[in-house]
Every structure is written in structure tokens, then in C-alpha cells.
Amino acid sequence: MPERIWVYGEVSAGAITTTTLELVTKAAEVGTAEVLLLGSAPADAIETLGQYGASKVFRSADPIFDDYLILPALEAAAALIGQQQPAVMLFASTYAGRDLAAGLSARLDCGAITDVGDFALRDGSVEATIPALGGAYQNTSTLVSEGTKLLVVRPKSFEPTAVGGHPEVEEVSAPGGADVRRVQIAERVDVPVEGPQIEKALKIVAGGRGLKSAEGFAMLHELADLLGAAVGATRAVVDAAWVPYSMQVGQTGKTVKPDVYIACGISGAIQHLAGMKGSKTIIAVNTDPEAPIFKIADLGVIGDVYLVIPQLIQEIKQRKGLIS
Amino acid sequence: MHVIVCGKVIPDTTVPLQIDPKTKRVIRSGIGHELDPAAAGAVEEALRITDAHGGEVTFITMGIADATIGIRKAYAMGVANGLHLLDDAFAGSDTLGTAKALAAAIKRSPFDLVICGTESSDSYSGIVPVQIAILLGIPALTFAKAVSVEGNSVRIQRQSETGYSVVTAELPALISVTSGINEPRFPPLKGVMAARKMPIETLSASDLGLAGAVGESAARERVLTVGAPPARTAGEVIEDGGEGGRRIAVLLAARGLI
Ligand SMILES: Cc1cc2nc3c(=O)[nH]c(=O)nc-3n(C[C@H](O)[C@H](O)[C@H](O)COP(=O)(O)OP(=O)(O)OC[C@H]3O[C@@H](n4cnc5c(N)ncnc54)[C@H](O)[C@@H]3O)c2cc1C
Ligand SMILES: Nc1ncnc2c1ncn2[C@@H]1O[C@H](COP(=O)(O)O)[C@@H](O)[C@H]1O
């Protein structure tokens, strides 16, 4: 019998997240994919999960999962895992995914593996591939505890593939009582980001501390607009508050795999590379010939962003016939 | 108000870390150590809370002997008590083992708030804080980019995919704070001098009643193999002799990207 592989399903901005679909695809490849979907979800959620290979969805639309952090999902998931004993449960390394995996690992005393890039099942044990220390190593790990193995997987580790299918739905009861209502989500605030979202963009222009100031991003936006690209950034400039966190690429930001990634004034720290080295074409502009970003670039230009990028902008404008 | 900060002391962040293929652990000896920037942010946040509401901060770290350097840094910043979980028996702990040790140490005294960094700068598993909260049976408020304490409750702005959420809970609670939440204070010279003489309490696994429950033998996660990542071959690197921008445009056009 194929092993049952569970996926913690997540919804963001009114849709099942792409990462959930990546995990469902992988789960269906390895065994029987089943999804735990808690809280509000779009009307076509079940259908979408089925399309990507889910055979079953454990579902509760109870608002308690939207209104209170971690604890209701933890109670519901712990009870279901106890009953159903899936072989593996997959979580995306998102805020909610990490929190639930962490809570379950402590509650079930089973541990968890984080930062997983891939995994396989061998004779009932799990072998996870981990790009350790930001990708400087590629290790494999296993969990020696009994029962369900919890894996927290990096986004974009698998390609989501629609295979078609109609999942069975099993209603799950929501936990109640004051104990699970101890952490209240009082308000959700959306911070609008200008232009295309970097997770979905096919082209990305990214800036780092080499731009010297927040104003330097205006030039990157101009280039991005010409290319139809999104703008990304390093943690250094996000921490300096030049740009919002939603633009951060890397280990603790977004993982991206665009067709082209143009890194401007970015050193190429391993934590940044962890989020973008899967890009098809990488172009880097940096004044320092020793900058590690050059080691993974298809084209590296040793030079000043303030000379190279304006010339690139001019050149693209000319090629597009915007100027002569 | 008693605020407890859990923070790591990590190998110098400018030195690329290496893994010992024999023990399959990060090599921590022979490298300078420093207070994890994530821990410094947590200490700063704790001090801001006690500066505003009174009380004191305790710093707890589990780590090798070299970790005292980080405890002294925390003292210099203004922390009142430092606890060092120091024992060979802790070595090789996985995240849950680490969380068990920290939770046991936290429980030794009454507290109002525990502050962690969302992830440590050397292993960034990012799951230890919630594990600690569950083991202690207290609410966890995670990924905070702003924190305020009012009366008996704590309120955070929790980072989200699309912005942030306002999340509240009653004390005692645990919060994890994101990098960049604050600019940690520079320890004043007076603090640095005083820190040298402050005592550091050390605790072993058996002091915490955890002999056999932590360390490599108790770890749920086992590293099987340590290997190199598939290499991405470097392309061409050119000096910008005034043609750099055009060269990029040529490549973009050749690959159908403009
Ligand atoms: C736990 C942890 C998680 C992290 N997560 C992330 C993450 O998710 N994402 C991330 O990006 N970082 C992350 N970091 C931080 C990372 O280690 C680096 O500090 C950061 O990526 C550096 O950003 P930067 O390249 O903008 O800055 P720097 O490293 O300062 O590089 C600036 C570069 O600009 C170049 N430069 C200067 N002037 C010019 C010029 N005029 N023209 C061209 N080039 C110029 C310099 O040569 C230099 O290479 C993390 C760190 C830790 C410890
Ligand atoms: N050895 C440790 N000593 C003290 N705190 C720790 C330790 N390991 C993890 N933590 C806490 O847990 C957070 C997340 O760590 P990690 O799960 O390793 O990313 C850190 O920022 C600390 O607050």
C-alpha cells in the first residue's frame, strides 16, 4: 500500500498557495496525497487540491482557525495525526507552516526536519535532503522517532503539476474552549506592494547595499518596468528599511526561480543565494571582482551599478525603439 | 516584570562555517564567537520593555565554553542575570532537545515574557521558539516585527505573506522577534567593564533533570550524510570598460528576455 503523505494546506490572498500545490504534487508522487485544510478557503479549494493530486482533504472551515494563532490548528492536527497515523506530514517553510510543525514536534515529542529541499521514503523511514548552512552543504537527515515524520520544506522545491482528480472530503471537528483561544489575531493588515510580486515574476531585478541608498531603487524600478520584471532586495537593505520585507529574497525571505535574475550591488552572501540560485539566468553587477555572486553568475560585470545599469536602461530603450 | 531572553552565541559570522564529516556537526572550536545578531535583537527588545515597565532581564544560552563571550555582551547591554547551559551532554541536540533544555531552564524562576529570535544565524531552523512555548504551556506570538506590552498583555505585529497581523495574548507568553526589529544598543563602556566581573551561573543536563533526554543520543533528527551541493558553473565575468550595460542587453536579447 502506498504511504499516506499529508500536506498542511495554506491559503494566502484568497487562494491556495503555490507552495501547497508543490507539496501536494510531490506527496502524490511519493504516496497517497492527503491535505489538512483549516479555516477560510476559496470555494474551489478542494477542486484545486484534487487537480494537483490530493486524494483526500480533511476540512474544517471553522473561523476559530482564522481568529486564533497556532493553538486551534495544533489541537486539530495533533488529534487527527493520532487517529490517522500518516507516514509523513509536509509543511511549507512559511510562517504558519513553521509554527504548526514546531508545535506538533513538541506536542508529539517527535522532532521535525526543517529546510528540506527534497525527500524520499525508504522502508518506512524518511530521508530528507537539506541544503545545510544556506546551501554550502547538501546533507541528508532522517527522523528516528516513531510515528508521523514532520518535514518543513523550502518553497519552490518541487514543480506543481496538475494531474486531475476529485478528492474525498472528510469534515474535521474544530477544537473548542478557552485554552486554544489564548493567542488572538486581532487584525490583518495588507501592505500593498507596487508592481509584480517577486514569487511569481519571471524576471527579477534585485538590489543590495551597493546601491548606497534607498533612492537607488528608483533606477531598478525603471529597469524592471522596461523588462516587465519585479524588484527584489537583500536582507541588508530590508533591515535598513530602504524597501519592505516583502521584497526580500533569500534564506529568510522569498525563494525565487525566475528566467532571469539581475543582481545589482549584491555581494552574494550564502543566505541570499539560498533564495535565488535556482534562477535560469543570473546576471550580476558588482564593483568587487571577488564578490561571491560572480561564482554563480552567467554574466558578471565588474563595475559600478550607477554606470552599468543606466547604460543597460538606455540600451533596452533603444532596442525597444523608445529612443533613437 | 521578568523577561527571559533565549539567544545563541555563534561562530564569527564572517567565517564560512564548516561541518565535521565525522561528527556531522558544525565545527565550533577554534573560531571566534559572538552574540548572535538575532539574540542581540531579542536582548534589545527585552531591555526596552524593562526600561519602560521596570523589572529585569535574564539571558539564557545553551552552548560551548566560548559562549561566555556572548553572555558578557548581553550583560554589557544591561541584562541582569546570565545562565549558561554548559555540558558535553547537550552536544548534538536537535531542535527539540535544545527546546527541552531551554524550557527546563526558563521554568526555574517565575517569568512574564520569554523572547527568542525567529531563527538563529547559524542554524536557522526557526522552530525552537514555538517548541519552547508548547513545552512550557504558554502562548507563542511569532515573527514579531513590533512588540508592545500593556498591563498584563502583549501585542505584536506579526509578519505575514501580505503584510502583518496584530496578535495579542495575556502574559506569561513567548514571542519571537524578526531580524531588523530594532537596532541593538551599543554597550556603554561602563557596562562592558562591569560585565567582566558579573557571575555566570552554569547548569548541566542533570541540573535540569534532563540527563539522557538531550544531546545526540536523544535526538530525533539524525544527519545521515554530509555532502557538497551540485555546483552551478560560473559563466563569464567581465570588467566594465564602458560596455557593461550593453553586454547585459546583448545577453538578455540572445536569451529572448527583451
Ligand atoms: C540567519 C541569516 C539569514 C539571512 N537571510 C538573508 C536573506 O533571506 N536574504 C538576504 O539577502 N540576506 C540574508 N542574510 C544576510 C546576508 O548574510 C548578507 O548580510 C546580505 O545578503 C548582504 O546584503 P548585500 O549583498 O546587499 O550587502 P553587502 O554584503 O554589503 O554587499 C554589497 C555589495 O555591493 C557592492 N558594491 C558596493 N558599491 C557598489 C557599486 N557602486 N556598484 C556595484 N556594486 C557595489 C560591494 O562590492 C558588495 O559586494 C541573512 C543572514 C543571516 C545570518
Ligand atoms: N542553543 C541555544 N541557546 C539559546 N537559545 C537558542 C538556542 N538555540 C535556539 N535558540 C533560540 O531559538 C531561536 C531560533 O533558533 P533556531 O531554531 O536554531 O533557528 C533563537 O533565535 C534563540 O532565541
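Further up the page is the structure itself.
The model shown is predicted, which means the values in this text are computed figures rather than measured ones.

S.K.: An account of the overall build of chain A is requested, with residue identities and associated values reported.
M.R.: Across its full length, chain A holds nine helices and 18 strands. Computed over its C-alpha atoms, the radius of gyration of chain A comes to 22 Å, within 12% of the 20 Å expected for a compact globule of 324 residues. Across its three principal directions, the C-alpha atoms of chain A cover 65 × 40 × 40 Å. With 324 residues in all, chain A has 57% of them scored as buried. Partitioning the intrachain contacts of chain A with sequence separation of at least 6 by distance along the chain shows that 63% fall at a separation of at least 24. For chain A, the accessible surface area stands at approximately 12,700 Å², while carbon and sulfur atoms represent 49% of it.

S.K.: How would you summarise the pattern of salt bridges if you had to cite specific residues and measurements?
M.R.: A side chain with one charge can pair with a side chain of the opposite charge if their charged atoms come near. Residue and element names in this part refer to chain A. A complete count under the given rule lists 27 salt bridges over all chains for this structure. One salt bridge in this structure joins R122 and E127, with 3.1 Å as the shortest N-O distance. Note that K254 and E199 form a salt bridge whose closest N and O atoms lie 3.9 Å from each other. With K254 in the loop between α7 (235-239) and β16 (260-264) and E199 in the loop between β13 (183-190) and β14 (203-207), the pair connects residues that are 55 residues apart, well separated along the chain. For K254, a relative accessible area of 17% gives the class buried.

S.K.: Go over the site of ligand 1, please, and point to the residues and values.
M.R.: Ligand 1 sits among 29 residues. The nearest are R209, K212, T234, T252 and S267 of chain A. Neighbouring residues of ligand 1 are distributed over chains A and B. The separation between a nitrogen atom of ligand 1 and a polar main-chain atom of V249 of chain A is 2.7 Å. One of the backbone N or O atoms of G253 of chain A is found 3.3 Å from an oxygen atom in ligand 1. Mapped by element, the contributors of at least two residues to the shell around ligand 1 are α7, α8 (270-276) and β17 (281-286) of chain A. Residue composition of the shell around ligand 1, by class: seven nonpolar, 17 polar and five charged.

S.K.: An account of helix α6 (residues 217-227) of chain A is requested, with residue identities and associated values reported.
M.R.: Of all the positions in α6 of chain A, only F217, M219, L220, L223, A224, L226 and L227 of chain A are classed as buried. Taken together, the buried residues of α6 of chain A touch β14, β15 (230-233), α7, β16 and α9 (305-319) of chain A together with α6 (244-254) of chain B. One or two steps after α6 of chain A, the chain reaches G228 of chain A, where phi turns positive at roughly 70°.

S.K.: Any chance you could break down the site of ligand 2 for me, citing the residues and the numbers?
M.R.: Residue and element names in this part refer to chain B. Around ligand 2, 20 residues are found, and the nearest of them are C6, M62, S120, S125 and G126. In this structure, G126 approaches ligand 2 through a main-chain N or O atom, which is 2.8 Å from an oxygen atom. Expressed as a share of its isolated accessible area of 480 Å², the protein-covered part of ligand 2 is 97%. At the level of secondary structure, the elements contributing two or more residues to the shell around ligand 2 comprise β4 (56-62), α3 (95-106), β6 (113-117) and α4 (128-136). Looking at which element gives the most residues to the shell around ligand 2, the answer is β4, with three residues. Classifying every residue of the shell around ligand 2 gives nine nonpolar, nine polar and two charged.

S.K.: Could you give me a rundown of the side chain of T142 of chain B, with the residues and numbers involved?
M.R.: Considering the arrangement of structural elements, one finds T142 of chain B in strand β7 (residues 140-150). Polar contacts involving the side chain of T142 of chain B include one to the side chain of D99 of chain A, which spans 2.5 Å. Here R158 of chain B takes part through its side chain, which lies 3.2 Å from a polar atom of the side chain of T142 of chain B. T142 of chain B has contacts with L69, I70 and D99 of chain A together with V130, I156, R158 and S176 of chain B, leaving out every residue within four places of it along the chain.

S.K.: Break down the nonpolar core for me, citing the residues and quoting the values.
M.R.: Of all hydrophobic cores here, the largest spans 101 residues; its most connected members are L85, I115 and I132 of chain B. Leave out the neighbours within four places in its chain, and L85 of chain B touches I60, T61, M62, G63, F90, A101, L102, A105, L203 and L208 of chain B. Grouped together as the second largest cluster of nonpolar side chains are 35 residues, F217, A233, L299 and I316 of chain A included.

About the criteria used
Residues numbered from 1 in each chain as written. Chains lettered and ligands numbered in written order. Predicted model: local features only at pLDDT ≥ 70, side-chain atom pairs only at ≥ 80, totals over all residues. Heavy atoms only, no water. Helix = DSSP H or I, 4+ residues; strand = E, 2+ residues; numbered from the N terminus. Rg over C-alpha atoms; globule rule 2.2 N^0.38 Å. Buried < 20%, exposed > 50% of the residue type's maximum accessible area, 1.4 Å probe, protein only. Contact = heavy atoms within 4.5 Å. Areas by Shrake-Rupley, 256 points an atom, 1.4 Å probe, with all protein chains shown as cover. Salt bridge = Lys/Arg side-chain N within 4 Å of Asp/Glu carboxyl O. Near = heavy atom within 4 Å. Polar contact = N/O pair within 3.5 Å; in protein donor to acceptor, adjacent residues only side chain to side chain. Nonpolar A, V, L, I, M, F, W, Y, C, P; charged D, E, K, R; others polar. Core = buried A, V, L, I, M, F, W, Y, C linked by side-chain atoms within 4.5 Å.

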